[in-house]
Amino acid sequence: MNEKFIFREIIREMQELADQNGNVLSEEEVRKALEDLRLEEEQIKLVFDYLIGQDIQIEGYRQKENFKKEKKIEEEPEWSGEESEFLSFYEEDLQKIQSISEREKMQLICEAVDGDALAKGRLIELYLPVAAEIAKEYEKRELPLGDLIQEGNVGLMIAVESLADTKRILDADTFLREQIRMAIEEAIEIQKDSRRAGSEIAERVNYLNEAIQNLEEDLEHKVSMEELSAYLEMPKEEIQDILRMAGDEIEIENPHSHHVHDEEE
């Protein structure tokens, strides 16, 4: 029999048993129900935490305290007018998403893991507000808020699709949140790399421009490619690459045109 089916049946049976016992189970009862699945201790703890989240009391089990510090409420980031307007409309749309119980959510996750397309779509919809909240955490951002949210949404969709491959059920919530955050942070890093590359190009253009000016002052005429290459001890091809990046900002003398990037090789 399918292991995921067995697991869901065990969870359902424990919930039914808890209903009969006034929402109370013993730690021994839960462990005995799970013993055939050969779960690791961390996975068993996740089952305990899930059952406790369903308002089921587990006698003999002390839930690990959550020492996660609440975020200190700081000043709201200064969104631009356009971002504030976008956020207002977007959050208004998110409020239309119908919430579900934790039990229904677990069932939805199981169905998504089994590859059910409708379940995947509903799960993505449920986590869109999560993606928006995570995106808003990045105050010192390289991208506009709308782009951050979009990147988070893309990461969410990819993560939901991969649930069937990873077979993650008990820690699906953690997994989805991690993937959303990773997608946002990766987009930020790509943007940083792009800006660094732009800065490096600007530095090379400025360096070349300064060299041309200095050489023209010494020679008292417009420098040629050959003179510039010898002066900088730099191959002509490399100089041509920099000049292409500079566009029309820099001109040097050559036999065919005032713009070296128009030179035919």
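Shown above is the structure to which this text applies.
Quick notes on the rules
Every chain's residues receive numbers from 1 upward, in the order its sequence appears when written. Confidence filtering applies because this is a predicted model: local features only for residues at pLDDT of at least 70, side-chain atom pairs given and counted only at 80 or more, and all residues used for totals across whole chains, interfaces and linings. The side-chain numbers reported here are obtained from all heavy atoms of the structure, hydrogens and water having been left aside. Under the scheme used here, helices are H or I runs from DSSP no shorter than 4 residues and strands are E runs no shorter than 2 residues, and both carry numbers assigned from the N terminus. Partly exposed describes any residue whose relative accessible area lies between the buried limit of under 20% and the exposed limit of over 50%, with all areas from a 1.4 Å probe on protein chains only and scaled to the type maximum. Here a residue-residue contact requires only that any non-hydrogen atoms of the pair lie within 4.5 Å. Only the protein chains shown count as cover for residues, with accessible areas throughout obtained via the Shrake-Rupley method and a probe of 1.4 Å. Among the buried residues, those of types Ala, Val, Leu, Ile, Met, Phe, Trp, Tyr and Cys that are joined through side-chain atoms within 4.5 Å form a nonpolar core.

Draft legend 1. View of the overall build of the protein. Helices and strands together make up the secondary structure of the protein, namely 10 helices and 2 strands. Moving toward the C terminus, one meets the helices and strands of the protein in the order α-β-α-α-β-α-α-α-α-α-α-α. Counting across all 265 residues of the protein, residues that qualify as buried make up 37%. Expressed as a percentage of contacts within the protein between residues at least 6 apart in sequence, the contacts between residues at least 24 apart total 63%. For the protein, the accessible area works out to roughly 17300 Å², and carbon and sulfur atoms hold 46% of it.

Draft legend 2. Examining the nonpolar core more closely. One finds Met14, Val30, Leu51, Leu123 and Leu176 to be the most contacted residues of the largest nonpolar core, which totals 53 residues. Broken down by secondary-structure element, the contributors of at least two residues to this core are α1 (3-20), α2 (27-34), α3 (41-53), α4 (81-94), α5 (102-113), α6 (117-136), α7 (145-166) and α8 (172-219). A per-element tally of this core places α6 first, with 10 residues. Setting aside chain neighbours within four positions, we find Leu51 in contact with Met14, Gln15, Leu25, Val30, Ile56 and Ile58. Of all hydrophobic cores here, the second largest spans 15 residues; its members include Ile212, Met225, Ile239 and Ala246.

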